[in-house]
Structure formats: C-alpha cells, structure tokens
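# Working through the structure, step by step
Chain by chain, the residues run as shown.
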Amino acid sequence: MGKVDLSKLSYTEVLDVIGDAEKRAQELREQARAAVREEINALLAKHGFTLDEVMAGARSSGRRSHPSKGTSVAQKYRNPANPKETWTGRGKQPAWYRDALDRGVTEDDMLIQ
C-alpha cells in the first residue's frame, strides 16, 4: 500500500482520512481481539478449565491498595483568618496557608491544638 500524500489534501479531506483510518484501526483491533478470544477459548477447552477458574484471584489488576487508603487524616492546621478552613498537612498547600506564611504567621501558630 502506498502512502497518502497529505500535503495535497484540503483540511476536510485530511479529517476524512483521519476518520477513515480510525475506523479501520478499530476494525483491526476488534478482529485481533476476536482472534485472541478464540485462542483463549481453545486453550481453556484443551486444558479443561473455565475462564473463572483460571482468573480466580487475578481480576484485581495485581495491584494492592495501600492499607490506609480510604481512611481520613486528622486536620493539622487551621486558617487563623477563617477557622472553617483546615488542612491535613498532606498534599498541595492551600492558598490560605501559603498566604498566612507570607504574612509572617508561623506553622506553629496555625497548628490545631
């Protein structure tokens, strides 16, 4: 197959080529997926397993979550100008925290007792 000379195409013609290429890529991907599925089914049948038996325990992408994931962290700092605003001390510093430091307020002054 020869290359398409994109330099001779108009903007809309290039967009059409891109659209056609994306459709063809999706078709090829689906064909490849179907072929893999057939190979997997043949292997399962050959060895007498079901997909669930083979994949048991492996469906979680192999990554384990951190033990403390989902737990909340106590607030550590409070905005002296607005006590409703707090920060745990983790992640990006809030603007009010940076502004307070710029004004000369110390971290100790903002600690929640």
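Predicted, not measured: the structure shown is a model, and the values here were computed from it.

Relative to the elements of secondary structure, Ala100 occurs in helix 3 (residues 95–102). Residue Ala100 is classed as buried on the basis of its relative accessible area of 0%. On a C-alpha basis, the gap between Ala100 and Thr71 in space is 28 Å, while along the polypeptide they are 29 residues apart. Excluding anything up to four places from it in sequence, Ala100 contacts Val105 and Met110.

A rise of 1.5 Å per residue sets the reference length of helix 1 (residues 11–47), with its 37 residues, at 54 Å; its end C-alpha atoms lie 54 Å apart and thus fit the reference within 8%. The first or second residue beyond helix 1 is Gly48, which carries a positive phi of 75 degrees.

The next thing to look at is the pattern of salt bridges. Counted under the stated rule, the structure contains three salt bridges. Measuring nitrogen to oxygen at the nearest pair gives 3.9 Å for the salt bridge that ties Asp5 to Lys8. Residue class for Asp5 comes out partly exposed when judged on its relative accessible area of 38%. A residue is classified by how much of its surface remains accessible, and Lys8, at 69% relative accessible area, is exposed. With a shortest N-O distance of 3.0 Å, Glu30 and Arg33 are connected by a salt bridge. Remark: Arg33 and Glu30 occur in helix 1; sequence separation between them is three residues, near one turn of the helix. We classify Glu30 as partly exposed; its relative accessible area is 35%.

Rules used in this analysis
Residues numbered from 1 in each chain as written. Predicted model: local features only at pLDDT ≥ 70, side-chain atom pairs only at ≥ 80, totals over all residues. Heavy atoms only, no water. Helix = DSSP H or I, 4+ residues; strand = E, 2+ residues; numbered from the N terminus. Buried < 20%, exposed > 50% of the residue type's maximum accessible area, 1.4 Å probe, protein only. Contact = heavy atoms within 4.5 Å. Expected span 1.5 Å × (residues − 1). Salt bridge = Lys/Arg side-chain N within 4 Å of Asp/Glu carboxyl O.

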